[in-house]
Amino acid sequence: MNFTEQTKQIIENAQSKLAHAFEYVDDIATYNQMKVLDAFRENNVGLRHFSQTNGYGYDDIGRDTLCRLFAQIFGGESAIVSPLIVSGTHALSLALYGVLRPNDEMISITGSPYDTLKEVILGDGNGSLRDFGVKYQQVELKNGKIDVENTLKKINENTKLIFIGRSRGYEWRNALTVDDIKVVIKEIRACKADICIMVDNCYGEFIEKIEPTQVGADLIVGSLIKNPGGGIAPTGGYICGKSKFIDMVAGRLTAPSIGLEVGSYAYGYKDFYQGIFIAPHTVAQAIKGSMLIGQVFHDLGFETMPLPGGKCGDIIRSIKFNTQAQLIDFCRAIQEASPIDSNVVPYPWDMPGYEHQVIMAAGTFVAGASIELSADSPIKEPYIAYVQGGLTYEHVKIACMYCVEKLLFNK
Ligand SMILES: *Cc1c(COP(=O)(O)O)cnc(C)c1O
């Protein structure tokens, strides 16, 4: 690809404004890398933990050690980390079904949960939580922050679980910071101590030096083909937090009689270990890339979230386009700039679990992995693209040039 001088200049100008912000990202990455390295050392991770296992997987040390490793890194008492969890939605669903019982109530205090969870919670006749008698309330965000006053008003004797979505999902808002979450948890605990506070941690891992579990969350839940898989884990999800709740979820993952005592993986665990090891660096690459995209599109006059220089609570950058055509062009440029399936042209389509048609660009090594550079968007007004990931900053930078060329010069 030969980029025009004008495009190159736009990108270089944007980059030059970000030196200071990049230093901040590097500092967090170094801190988190140290945390991860310490956990590897303290758990004596060795080649023996990578072994392929089969059958029941009793005494599978690769599996058990991986769980302990995550628990330590994320500051939880214990963790479930498993290739048998097929996605983030599956991990979140397991956690909800594991903890909630008939007549219990959950309250989502960050507005509507992620699209794919709606049917899990409120579906009618599909085996949803509602079908099992679990009640649901929702508190909308107020100016992009949790409405504590309304939350406290809604908590009652049946409330067993508070659900917090850290990332923005498909909303025009910023992700919450760990500090935002900390303040809210304190207030909730003061109101009702005995309540499970669960955080959808997707896209939030390693953005900051601590995770929500370290400010009082009982459970954090995420996908291994996002941040904590480092772009290397081939599949899987995790749930980390208080042992009391992890045990309940383990009974749901397998069966109440066997919990985490079983589970084998014939492919071996090396990619999960290597993934979490490299994740702090990969996340830093993705954030720097995200900052660059944000700056470039801000400079071109588009509305972006967060604003350049604003604090990142997740790896996503939202860009508001003026027309559906621009949005689709943007996604196509991201696809064209991908190492895999660069010749594929993305179109909007009906995806399982999503309300509107969605367009997705993901030319990724791990199918659909959004720690790799990807963009997606529900097709509805306003036309917002959600861009995230990037295994290397350089790739995101080059992809930025593809996008600018397409939008400005229709190349
Ligand atoms: C990705 C994501 C999920 C889970 O989605 P999957 O595609 O099933 O992994 C849930 N919540 C948020 C905020 C997410 O970003």
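Note that the coordinates shown come from a computational prediction; the quantities given were computed from them, not determined experimentally.

S.K.: I tried to follow the overall build of the protein on my own but got confused; where do I start?
M.R.: The helix and strand tally for the protein stands at 11 helices and 12 strands. In summary, the protein has a C-alpha radius of gyration of 21 Å against a globular reference of 22 Å for 411 residues, a match within 12%. Principal-axis analysis of the C-alpha atoms gives the protein an extent of 65 × 50 × 40 Å. Each of the 411 residues in the protein was classed as buried or not, and the buried ones make up 57%. Sequence-distant contacts in the protein: of pairs separated by 6 or more residues, those separated by 24 or more amount to 71%. Counting every atom, the protein has about 17100 Å² of accessible surface; 52% of that belongs to carbon and sulfur.

S.K.: Can you help me understand the environment of Ile316 in this one?
M.R.: Its place among the elements puts Ile316 in the loop between β8 (303–305) and β9 (317–321). A C-alpha to C-alpha distance of 24 Å links Ile316 and Val81, two positions 235 residues apart in sequence. Those residues in contact with Ile316, other than ones at most four positions away along the chain, are Ser167, Arg168, Tyr203, Ser290, Met305, Pro306, Tyr386, Val387 and Gln388.

S.K.: Can you help me understand the sheet that holds strand β12 (residues 383–388) in this one?
M.R.: Sheet strands associate in pairs through backbone hydrogen bonding, adopting either a parallel or an antiparallel arrangement. Strand order in the open sheet formed by 5 strands is β8-β9-β12-β11-β10, with antiparallel pairing between adjacent strands. Of all strands in the sheet, those with a lone pairing partner are β8 and β10 (358–361), marking the two edges. Strand-to-strand twist in this sheet, taken as the mean axis angle between neighbours without regard to direction, amounts to 20°. Bridge count for β10 against strand β11 (residues 374–378) is 4 bridges, and the pairing is antiparallel. Looking across to β11, one finds that Ile359 is bridged to Ser377. The strands that helix α10 (residues 324–336) touches are β9, β10, β11 and β12; relative to β12, the one it contacts most, it runs at about 15°.

S.K.: Explain the site of the ligand to me, please; I cannot follow it from the model alone.
M.R.: The full set of residues close to the ligand is Ser87, Gly88, Thr89, Leu92, Tyr114, Ser167, Asp200, Cys202, Tyr203 and Lys226. Backbone polar atom of Gly88 to an oxygen atom of the ligand: 2.8 Å apart, as the coordinates give it. Taken by itself the ligand offers 370 Å² of open surface, and the protein chains cover 87% of this. Here the shell around the ligand takes 3 residues from helix α4 (residues 88–99), the largest share from any one element. Classifying every residue of the shell around the ligand by side-chain character gives 4 nonpolar, 4 polar and 2 charged.

S.K.: Mind showing me how you'd approach unusual backbone geometry here?
M.R.: Among all residues save glycine, negative phi is the norm, and among peptide bonds the norm is trans. Between Met305 and Pro306 the backbone carries a cis peptide bond, its omega angle lying at -5°. Among the structural elements, Pro306 can be located in the loop between β8 and β9. Backbone torsion omega between Glu381 and Pro382 reads -10°, so that peptide bond is classified as cis. By secondary structure assignment, the location of Pro382 is in the loop between β11 and β12. One non-glycine residue, Asn44, adopts positive backbone phi at about 50°.

S.K.: Would you mind going over the side chain of Asp104 with me for this structure?
M.R.: With respect to the secondary-structure elements, Asp104 resides in the loop between α4 and β2 (105–108). Reaching out from Asp104, the side chain makes a polar contact with the side chain of Lys160 at a distance of 3.3 Å. Discounting residues that sit within four places of it in the chain, Asp104 has contacts with Val99, Gly133, Val134, Lys135, Asn158 and Lys160.

S.K.: Just checking my understanding: could you explain the packing of α4 against helix α8 (residues 243–253) for this structure?
M.R.: For any two helices packed against each other, the geometry is given by the interaxial angle and the distance between the axes. Running from N to C, α4 and α8 point in directions that differ by 110°, and their axes come no closer than 8 Å. As far as their axial angle goes, α8 and α4 are roughly perpendicular. Along its contact with α4, which presents Leu94, Ala95, Tyr97, Gly98 and Val99, the element α8 presents Phe245, Met248, Val249, Arg252 and Leu253.

S.K.: Got a minute to help me understand α4 in this structure?
M.R.: Helical periodicity: at 3.6 residues per turn, an α-helix aligns residues three or four positions apart in one direction. With 12 residues, α4 should reach 16 Å at 1.5 Å per residue; the first-to-last C-alpha distance of 17 Å fits that figure. The buried count for α4 comes to 10 of 12 residues, which makes it a mostly enclosed element. Looking at α4, one finds that the buried residues are Gly88, Ala91, Leu92, Ser93, Leu94, Ala95, Leu96, Tyr97, Gly98 and Val99. The N-cap of α4, judged by a side-chain oxygen 3.4 Å from the amide nitrogen of Thr89 a few residues on, is Ser87.

What counts and how
Residues numbered from 1 in each chain as written. Predicted model: local features only at pLDDT ≥ 70, side-chain atom pairs only at ≥ 80, totals over all residues. Heavy atoms only, no water. Helix = DSSP H or I, 4+ residues; strand = E, 2+ residues; numbered from the N terminus. Rg over C-alpha atoms; globule rule 2.2 N^0.38 Å. Buried < 20%, exposed > 50% of the residue type's maximum accessible area, 1.4 Å probe, protein only. Contact = heavy atoms within 4.5 Å. Areas by Shrake-Rupley, 256 points an atom, 1.4 Å probe, with all protein chains shown as cover. Pairing = 2+ DSSP bridges. Axes fitted to C-alpha atoms, helices over the stretch in contact; angles between N-to-C directions. Near = heavy atom within 4 Å. Polar contact = N/O pair within 3.5 Å; in protein donor to acceptor, adjacent residues only side chain to side chain. Nonpolar A, V, L, I, M, F, W, Y, C, P; charged D, E, K, R; others polar. Parallel < 35°, antiparallel > 145°, perpendicular 65-115°, else oblique. Expected span 1.5 Å × (residues − 1).

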